[in-house]
Amino acid sequence: MSETGTIFDIQKFSLHDGPGIRTTVFLKGCQMRCVWCHNPESLRAEKQLAFMEHKCLQCQRCAEVCPHGCHQFAQGRHEIDYSACQACGRCVEACPAQALKIYGQTRDVDDIIAEVIKDKPYFEKTGGGITLSGGEAMFQFPFALALAKAAKAAGLHVCIETNGASRPERYREIAPWVDLFLLDYKVTDVRAHKSHTGIAKRVVETTLETLNEIGAKVVLRCPLIPGYNFNDEHLAAIRAITARYDAILHAEILPYHNLGMAKHRELGQIPVCTIAVPDDATVAKALDVLNQGEGKAVRRG
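Note that the coordinates shown come from a computational prediction; the quantities given were computed from them, not determined experimentally.

## As for the nonpolar core
With 52 residues, the main nonpolar core has V25, I130, I174 and F181 as its most contacted residues. Here this core takes eight residues from helix α5 (residues 141-153), the largest share from any one element. Excluding residues that lie within four positions of it along the chain, I130 makes contacts with R22, T23, V25, I113, V116, A151, L156, H157, V158 and C159. V35, W36, V204 and I275 belong to the second-largest nonpolar core, a separate cluster that totals 16 residues.

Below, the structure written as structure tokens:
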């Protein structure tokens with residue numbers, strides 16, 4: 001039996017998760033708690049219930065089948081006790097309006113590779129392949145390692161999108177089966193990095209140093225978040241880092257978007273912050289700054 005893990009999506013025809021047309025496998029679980037996270041369903045490794053209130057018919061069938069009393073109806077409102085939910089999925093099956101869903105599926109490596117390999121003709125025509133993402137792909141390390149090995153055995157180009165928060169020995173162990181690391185660089189200021197992500201900046205720096213030392217190929221991916229890291233100091237640091245490390249092929253900026261706000265509400269969460277979405281002119285100006293002076297090319301991801 002092959003290694004199993006928990007994923008929350010397999011996205012086909014991905015164009016922004018590495019070179020060519022790719023199939024991206026999203027693993028649940030993450031060490032970081034970035035205040036701007038747009039995939040809140042990815043943070044916890046376990047399965048989670050989500051509720052789309054606008055679809056609810058108030059039929060109360062979910063309450064009838066729930067063994068844990070998670071669903072309550074009063075004064076025209078459907079309330080959910082998420083803390084009591086065991087994500088058994090009975091309410092999802094009973095809901096006629098598809099107002100409920102479970103984020104998270106247990107899948108094994110052979111099953112996933114069998115699904116991904118169907119897209120191999122597209123990979124071969126475009127230089128694409130499989131990308132392991134999250135959450136954080138390295139959070140379920142034995143599962144990610146088994147997926148990478150199986151993908152290479154199937155002749156696939158393998159990318160791993162990572163926040164850099166795993167131990168150096170894990171990057172060394174998985175590197176022989178990874179063609180390209182998409183490494184996040186989130187915040188330059190040391191104190192801000194800790195407060196905004198929950199992880200010390202030095203951990204990520206050590207990962208970059210490790211990947212550089214072993215000769216890995218890296219694309220530095222840099223989210224730009226107004227009010228948090230969209231400033232001159234951070235832009236200058238991105239440029240300097242691309243010049244310092246031979247492993248970095250180029251850098252990509254990822255302007256903030258607010259598409260994850262609805263998912264916070266679906267999970268019964270209040271978004272940590274409200275952030276303005278940068279307009280195209282502001283992003284273009286940042287790109288101009290990033291592509292001045294020494295360093296590798298920086299493009300929009």
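Read on, since the account is not over.
## A few points about the state of the cysteines
Applying the stated rule across the entire model yields zero disulfides. The cysteine C62 is free of any disulfide, with C59 supplying the nearest cysteine sulfur at 6.3 Å. Overall, C62 belongs to the buried group, its relative accessible area being 6%. Left unpaired, C85 is separated from the closest cysteine sulfur, that of C70, by 4.8 Å.

## Description of the packing of helix α3 (residues 109-116) against α5
It is the contact of α3 with α5, at a shortest axis distance of 10 Å, that shows an interaxial angle of 45°. Judged on the interaxial angle alone, α5 and α3 are oblique. Regarding α3 and α5, the two cross each other, and that crossing is right-handed. Here V109, I112 and I113 of α3 come into contact with α5, specifically with F143, A146, L147, A150 and A151. Its residues assigned to classes, the contact of α3 with α5 comprises eight nonpolar, no polar and no charged.

## Remarks on the sheet that holds strand β11 (residues 218-224)
Taken in spatial order, the nine strands make up an open sheet running β7-β1-β2-β8-β9-β10-β11-β12-β13, and their pairing is mixed. Either end of the sheet is taken by a strand with one partner, and the two such strands are β7 (105-108) and β13 (298-300). Here the strands of the sheet are splayed against their neighbours by 30° on average, with no regard to which way each runs. Pairing analysis gives seven bridges linking β11 to strand β12 (residues 248-255), with the strands arranged parallel. Within β12, the position partnered with P223 by the bridge is L254. This element, α3, spans β1 (4-14), β2 (22-27), β7 and β8 (129-133) of the sheet and lies at about 85° to β7. Strands in contact with helix α9 (residues 232-244) are β11, β12 and β13; relative to β11, the strand with the most contacts, it is inclined by about 180°.

## What about the environment of Y82?
Relative to the assigned elements, Y82 resides in the loop between β5 (77-80) and α2 (90-94). The exposure class assigned to Y82 is partly exposed, which follows from its relative accessible area of 24%. Between the C-alpha atom of Y82 and that of C37, which follows or precedes it by 45 residues, the distance is 20 Å.

## Remarks on the pattern of salt bridges
Taken as a whole and assessed by the stated rule, the structure comprises 18 salt bridges. For the salt bridge of R221 with E252, the shortest nitrogen-to-oxygen distance reads 3.2 Å. One end of the pair, R221, is in strand β11; the other, E252, is in strand β12, and 31 residues separate them in sequence. The buried category is assigned to R221, whose relative accessible area is 3%. Of the residues examined, E252 reaches a relative accessible area of 14% and is grouped as buried.

## Here's the deal with α3
If you check which residues of α3 are buried, you get V109, I112, I113 and V116. Looking down the long axis of α3, one finds its buried residues gathered within 95° of arc, a one-sided arrangement. For α3, the elements touching its buried residues are β1, β2, β7, α4 (120-126), β8 and α5. Taking the backbone nitrogen of D110 as reference, a side-chain oxygen 3.2 Å away marks D108 as the first, capping residue of α3.

## Section: unusual backbone geometry
Cis rather than trans, the peptide bond between G134 and G135 has omega equal to 20°. Inspection of the secondary structure assignment puts G135 in the loop between β8 and α5. In this model, Q75 sits at a positive phi of 50°, which is unusual for a non-glycine residue. In this structure, Q75 sits in the loop between β4 (71-74) and β5. Judged by its relative accessible area of 83%, Q75 falls in the exposed class. Despite not being glycine, A87 has its phi angle at roughly 55°, a positive value.

## Section: the environment of K28
Among the secondary structure elements, K28 is positioned in the loop between β2 and β3 (48-51). Once the C-alpha coordinates of K28 and F139 are considered, the two residues, 111 residues apart in sequence, prove to be 7.9 Å apart. Polar contacts involving the side chain of K28 include one to the main-chain carbonyl oxygen of R44, which spans 2.9 Å.

Definitions and limits used
Per-chain numbering applies: the sequence of each chain, read as written, is numbered from 1 onward. Local features in a predicted model are, by the rule used here, given only for residues with pLDDT of at least 70; side-chain atom pairs are given and counted only at 80 or more, and totals for whole chains, interfaces and linings are based on all residues. Just so you know, side-chain values use all the structure's heavy atoms and leave hydrogens and water out. Joining through side-chain atoms within 4.5 Å is the link that ties buried Ala, Val, Leu, Ile, Met, Phe, Trp, Tyr and Cys residues into a set, and such a set is a nonpolar core. To sort residues, take the accessible area from a 1.4 Å probe on protein chains only and compare it with the maximum for the residue type: under 20% means buried, over 50% means exposed, and anything in between is partly exposed. Think of it this way: any DSSP run of H or I at least four residues long counts as a helix, any run of E at least two long counts as a strand, and we number them from the N terminus. Contacts are residue-level and defined by heavy atoms, with any inter-residue pair within 4.5 Å sufficient. In plain terms, two cysteine sulfur atoms within 2.5 Å form what is called a disulfide here. In this description, a line fitted to the C-alpha atoms serves as the axis of each element, helices being fitted only across the stretch in contact, and the angle between N-to-C directions of two axes falls anywhere from 0 to 180 degrees. Oblique is the label for every angle not falling under 35 degrees (roughly parallel), over 145 degrees (roughly antiparallel), or within 65 to 115 degrees (roughly perpendicular). Crossings are sorted by hand: turned counterclockwise from the far helix by less than a right angle, the near helix makes the crossing left-handed, and turned clockwise it makes it right-handed. We call Asp, Glu, Lys and Arg charged. Ala, Val, Leu, Ile, Met, Phe, Trp, Tyr, Cys and Pro are nonpolar, and the rest, Gly among them, are polar. At least two DSSP bridges between two strands are required for those strands to pair. The rule for a salt bridge is simple: a side-chain nitrogen of Lys or Arg has to be within 4 Å of a carboxyl oxygen of Asp or Glu. Here the arc refers to the set of directions running from the helix axis out to each C-beta atom. Polar contact criterion, stated in full: a pair of N or O atoms within 3.5 Å, where within protein one must be able to donate a hydrogen and the other to accept it, and residues adjacent in sequence count only if both atoms are side-chain atoms.

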